[in-house]
Each structure stands twice: as structure tokens, then as C-alpha cells.
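Analysis of the macromolecular model
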Amino acid sequence: MVFNTGAALLDAIVLAVVSKDQEGTYGYKITQDVRNVIEISESTLYPVLRRLQKEECLEVYDLAYDGRNRRYYKITEKGRIQLNLYKSEWAGYSLKISRIFEEAHI
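Predicted, not measured: the structure shown is a model, and the values here were computed from it.

Description of the sheet that holds strand 1 (residues 25–26)
Where strands meet in a sheet, backbone hydrogen bonds hold them as pairs that are either parallel or antiparallel. Spatial strand order, 1-3-2: three strands in an open sheet with antiparallel pairing. With one partner strand each, in any of the chains shown, strand 1 and strand 2 (58–65) form the two edges of the open sheet. In the sheet, strand 2 pairs with strand 3 (residues 68–75) via eight bridges, with the strands oriented antiparallel. Each residue of the ladder has a partner; that of Tyr65, found in strand 3, is Arg68. Together, strand 2 and strand 3 form the strand contacts of helix 3 (residues 42–54), whose direction differs from that of strand 2 by roughly 120 degrees.

Quick notes on the side chain of Thr25
Note that Thr25 resides in strand 1. Taking relative accessible area as the criterion, Thr25 reaches 5% and is therefore assigned buried. Apart from residues lying up to four places away in sequence, Thr25 is in contact with Val18, Ile30, Arg71, Tyr72 and Tyr73.

Regarding the side chain of Asp11
Turning to its location among the elements, Asp11 is positioned in helix 1 (residues 7–19). According to the relative accessible area criterion, Asp11 is buried, its value standing at 6%. Residues within four places of Asp11 in sequence aside, it is in contact with Val48, Arg51, Leu52 and Tyr86.

Looking at the UniProt feature "domain: Transcription regulator PadR N-terminal" (unreviewed entry) in the chain
Taken from the UniProt record, the annotation "domain: Transcription regulator PadR N-terminal" (unreviewed entry) applies to residues 14–83. The distance separating the terminal C-alpha atoms of residues 14–83 is 9 Å; by composition the span is 50% helix and 26% strand.

Considerations on the environment of Arg50
Along the chain, Arg50 turns up in helix 3. Separated by 10 residues in the primary sequence, Arg50 and Val60 place their C-alpha atoms 9.4 Å from one another.

Quick look at the packing of aromatic side chains
Using the criterion set out here, one finds three aromatic pairs in the structure. Between the aromatic rings of Tyr26 and Tyr72, the centroid separation amounts to 5.8 Å while the plane-to-plane angle is 70 degrees, which identifies the pairing as edge-to-face. With a gap of 46 residues between them, Tyr26 in strand 1 and Tyr72 in strand 3 connect regions that are remote in the sequence. Residue class for Tyr72 comes out buried when judged on its relative accessible area of 14%. A ring pair is formed by Tyr61 and Tyr72, whose centres lie 5.5 Å apart and whose planes are at 10 degrees; its orientation type is stacked. Within this pair, whereas Tyr61 is found in strand 2, its partner Tyr72 is found in strand 3, the two being separated by 11 residues in sequence.

Quick notes on the pattern of salt bridges
Evaluation of the coordinates by the stated rule reveals three salt bridges. With its nearest N and O atoms 2.9 Å apart, the salt bridge here joins Asp62 to Arg71.

Quick word on the packing of helix 1 against helix 4 (residues 77–103)
Close contact between helix 1 and helix 4 brings their axes to 9 Å; oriented N to C, the two are set at 120 degrees. As the angle between them shows, helix 1 and helix 4 are arranged oblique. For the pair helix 1 and helix 4, the sense of crossing is left-handed. Listed contacts from helix 4 to Ala8, Leu9, Asp11, Ala12, Leu15, Ala16 and Ser19 of helix 1 are Gly79, Arg80, Gln82, Leu83, Tyr86 and Trp90. When its residues are assigned to classes, the contact of helix 1 with helix 4 shows eight nonpolar, three polar and two charged.

Conventions and cut-offs
- Residues numbered from 1 in each chain as written.
- Predicted model: local features only at pLDDT ≥ 70, side-chain atom pairs only at ≥ 80, totals over all residues.
- Heavy atoms only, no water.
- Pairing = 2+ DSSP bridges.
- Helix = DSSP H or I, 4+ residues; strand = E, 2+ residues; numbered from the N terminus.
- Contact = heavy atoms within 4.5 Å.
- Axes fitted to C-alpha atoms, helices over the stretch in contact; angles between N-to-C directions.
- Buried < 20%, exposed > 50% of the residue type's maximum accessible area, 1.4 Å probe, protein only.
- UniProt positions renumbered as here; feature names shortened; annotations may be inferred.
- Phe/Tyr/Trp six-rings, centres within 6.5 Å; stacked < 30°, edge-to-face > 60°.
- Salt bridge = Lys/Arg side-chain N within 4 Å of Asp/Glu carboxyl O.
- Parallel < 35°, antiparallel > 145°, perpendicular 65-115°, else oblique.
- Left-handed = near helix turned anticlockwise from the far one by under 90°.
- Nonpolar A, V, L, I, M, F, W, Y, C, P; charged D, E, K, R; others polar.

Written out as C-alpha cells, the structure is:
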């Protein structure tokens, strides 16, 4: 992707991905789902997950899987409120950008 992804947009994408599964989802799956939209490394994603957890937008729990623990992330009510804010901001922002591109003479 040619465009840089700012922290707020990355937070919004991660919250949206995590919110799709009501019971939560694990880090590797989050990475794969986010990579369907933007290119991101695990070393970039995990600090985002930790920050969102610290900001109480995500809660974390571990479950045993194949003899080891797998860390799951689940969106909190605070995270849902933040995601709704991101969604409404994105709707207006993307509409304005799309309008500029549509008016461009190529």
C-alpha cells in the first residue's frame, strides 16, 4: 500500500477485526486479518494490542491450545465506543477524500 497508516487508523482496524468475534481472537489470527487490508508485521501489531489493552479497549485472557497457552484479545465496552467513534470519523473522512479523487482530472 502506498499510503502510510497512522496510529488511529491502525487502532480502528485492529478494534474492528477483534470485534468480529464475540468471544475474542488470538494474535496470529488478528495479524492475518489485518494483513488482508494493510501490510503489517507482528512486531508492529503486538505493541498496538498492548496499548489498546492498557487503554482498556481490549481485555486479554489465555486458553490452552495444543498443550500451550494462546493469548486471546476481546473488545471491551470502552473499545466498542472507541470503534464507533472511529467508524463515524472514517465515514466523513473517506467521503471527503473520495470526492477529491472523483473531481481530479486525469
